[in-house]
Amino acid sequence: MEQSKIVVISDAHLSDEESWSWFNRQSGERLKGFLKQTANDAKVRELVLLGDIFELWLFPIHVMPWSAAQIIQHWSSGPDSVIAALRECADRLPQVSYLCGNHDMGVTQADLDLISPKIRWIKTDYYNAGHPGALHLEHGHLVDIFNAPDISGDPIENLPFGYFVTRLVASAGGGNEVWRAVSQRIEAEFGALFSFSHLSRRAGFGMSDLLGFDFFLEHVVAAAGSSLIKGVVDVLLWYVKLVNPSVNESSQILLPGGSSVTVGEVRQHYHRLLVRWFRLHGLEGLYRTAVASTDLDWRAQQLLTQGKAKIVVTGHTHQGKILQLEQGRYANSGSWRDGVGATYLEITAQPAPTVSLKSYPSNASLPPLSPTAPAPQKKAETPEG
């Protein structure tokens, strides 16, 4: 029987099973069943783990985040474990490949060797699964202003701002209300930025400056960025205090490796984040990178238009979908976190690439979506992905 299928999953977020975790024992049973099914499917030639399989971010500020090795050990108990099922995939399938996302950006080949040395850690930003020009697979966080490796010029231990947002959200209980509050603050800052830019252009303000309007706008973006970082931390601190009134700006955030920073130090950093991304992508591109945790349709359109692939695959948004676009298809593998339907992708690349989105445990194919209209440029979502 020909091994023709590539199976893709992402965003499992295996963690410590505490109250703040997105992955619990029931999630583990579901994932274990899927991995066993995949390992014993004679048509599968490769399993691609497309990032955020392990959760290295979502821990309260007073808790030392678990390492990938600790998580692997936790889910290895007994011969019938999640890790045993993943090891079975490595043993039985021709190939298992691992691309890092943002929540597991510290995972290395040495970590994967604890499961099986047959699991291949992909060093590049994207992967074509042996089909250049046909497939483009990436987690999606590299075009996310809050969750990409930091380029602001003033990061803390090279961690993105989204890392500290996630730590504070976990300290506040990790509920959806907290994520919504962060989202609303981001929406307010971007709404003000877009409104000011639009009114300034209409009035011609700054056009007579020898350095031009873009130079003027960069200063506006810088001010908005500083306000956004401070405002998001203030919102999160307010919610954390509801759970633990003793937390304040002097409270320590324990970091991997044993070092720590204060909440106040996080508030003072990342103030150049929006400026750096504005220089790379302009104002409209800045907005797109701010919503990348929930919307990567534009990224797929960009890659398809550039002729990079016929099928673009990401994770990151936790929203499984297949979208038919003019130049090809965009597929998102969805999530396996608690409370979200478990979805995965099946890709066949011969004779022509095709992709289907399926749910587990039904293994039913979910219908493709119709192309969506461009998102209005006036709000941004939470950096949750």
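One numbering rule holds for all chains: residues counted from 1, following each sequence as written. Since the coordinates come from a predicted model, pLDDT governs what is reported: local features require at least 70, and pairs of side-chain atoms require 80 or more to be given and counted, while whole-chain, interface and lining totals use all residues. Think of the side-chain values as coming from all heavy atoms in the structure, minus any hydrogens and water.

*Asks:* Explain the overall build of the chain to me, please; I cannot follow it from the model alone.
*Replies:* Within the chain, the secondary structure is distributed over ten helices and 13 strands. In this description the radius of gyration comes from C-alpha coordinates, and the expected globular size is given by 2.2 Å times residues to the power 0.38. Radius of gyration (C-alpha) of the chain: 21 Å, near the 21 Å computed for a compact globule of 385 residues. Each of the three principal axes of the chain carries a C-alpha extent, and together these read 70 × 50 × 30 Å. Considering the chain as a whole, with its 385 residues, one finds that 55% of them fall into the buried category. Pairs at least 24 residues apart make up 71% of the contacts formed inside the chain by residues separated by at least 6 positions. Methods summary: accessible areas were calculated by the Shrake-Rupley approach with a probe of 1.4 Å, and residue burial reflects only the protein chains presented. In the structure as shown, the chain presents an accessible area of about 16100 Å², 52% of it carried by carbon and sulfur atoms. Per the convention used, a helix needs a DSSP run of H or I reaching at least four residues, while a strand needs a run of E reaching at least two, with both numbered from the N terminus. Burial classes: relative accessible area under 20% of the type maximum marks a residue as buried, over 50% as exposed, and values in between as partly exposed (1.4 Å probe, protein chains only). Any two residues having at least one pair of non-hydrogen atoms within 4.5 Å are treated as being in contact.

*Asks:* Even after reading the chapter, I still don't get unusual backbone geometry, so can you show me in this structure?
*Replies:* Excluding glycine, most residues fall at negative phi; most peptide bonds, likewise, are trans. In this model, Y360 is joined to P361 through a cis peptide bond whose omega is 15 degrees. Structurally, the position occupied by P361 is in the loop between β12 (354-359) and β13 (365-366).

*Asks:* Honestly, the packing of aromatic side chains in this entry has me stumped. Any pointers?
*Replies:* Aromatic rings considered in pairs are described by the distance between their centres and by the relative angle of their planes. Two rings from Phe, Tyr or Trp (for Trp, the six-membered ring) form a pair when their centres sit within 6.5 Å of each other. Planes less than 30 degrees apart are called stacked, planes more than 60 degrees apart edge-to-face, and all others tilted. Scanning the entire structure with this criterion turns up 13 aromatic pairs. Look at F23 and W75: their rings are 5.1 Å apart centre to centre, the planes differ by 75 degrees, and that puts the pair in the edge-to-face class. In this pair, F23 is assigned in the loop between β1 (5-9) and α1 (25-39) and W75 in the loop between α2 (68-74) and α3 (82-92), connecting sequence segments 52 residues apart. Of the two residues, F23 and W75, both sit in the buried class. When the ring of F146 is compared with that of F161, the centres are 6.4 Å apart and the planes differ by 50 degrees; the resulting orientation is tilted. One end of the pair, F146, is in the loop between β5 (135-137) and α5 (161-171); the other, F161, is in helix α5, and 15 residues separate them in sequence.

*Asks:* Hey, could you run me through the pairing of β12 in this one?
*Replies:* Look at any regular strand and the pattern is simple: side chains alternate between the two faces of the sheet. Strand pairing follows a simple DSSP-based rule, namely that at least 2 bridges must link the two strands. Sheet analysis places strand β11 (residues 343-348) next to β12, joined by six bridges and oriented antiparallel. Within β12, the residue paired with T343 across the bridge is S359. Between β11 and β12, which pair antiparallel and follow one another directly, the connecting turn spans five residues. Looking at chain direction, β12 and β13 are connected through two bridges and run antiparallel.

*Asks:* What am I meant to see in α1 here?
*Replies:* Every α-helix winds through 3.6 residues per turn, so residues three or four apart in the chain are directed the same way. Taking 1.5 Å per residue, 15 residues should reach 21 Å; α1 reaches 21 Å between its end C-alpha atoms and fits that length. If you check which residues of α1 are buried, you get S27, G28, L31, K32, F34, L35, T38 and A39. Projected down its long axis, α1 shows its buried positions confined to an angular sector of 165 degrees, all on one face. Considering only its buried residues, α1 is in contact with β1, β2 (44-50), α3 and β11. Polar contact criterion, stated in full: a pair of N or O atoms within 3.5 Å, where within protein one must be able to donate a hydrogen and the other to accept it, and residues adjacent in sequence count only if both atoms are side-chain atoms. Of the residues that open α1, the one with a side-chain oxygen 3.1 Å from the backbone nitrogen of Q26 is N24. Expected span of a helix: the number of residues minus one, times 1.5 Å. In this context, the arc is that of the directions from the helix axis out to the C-beta atoms.

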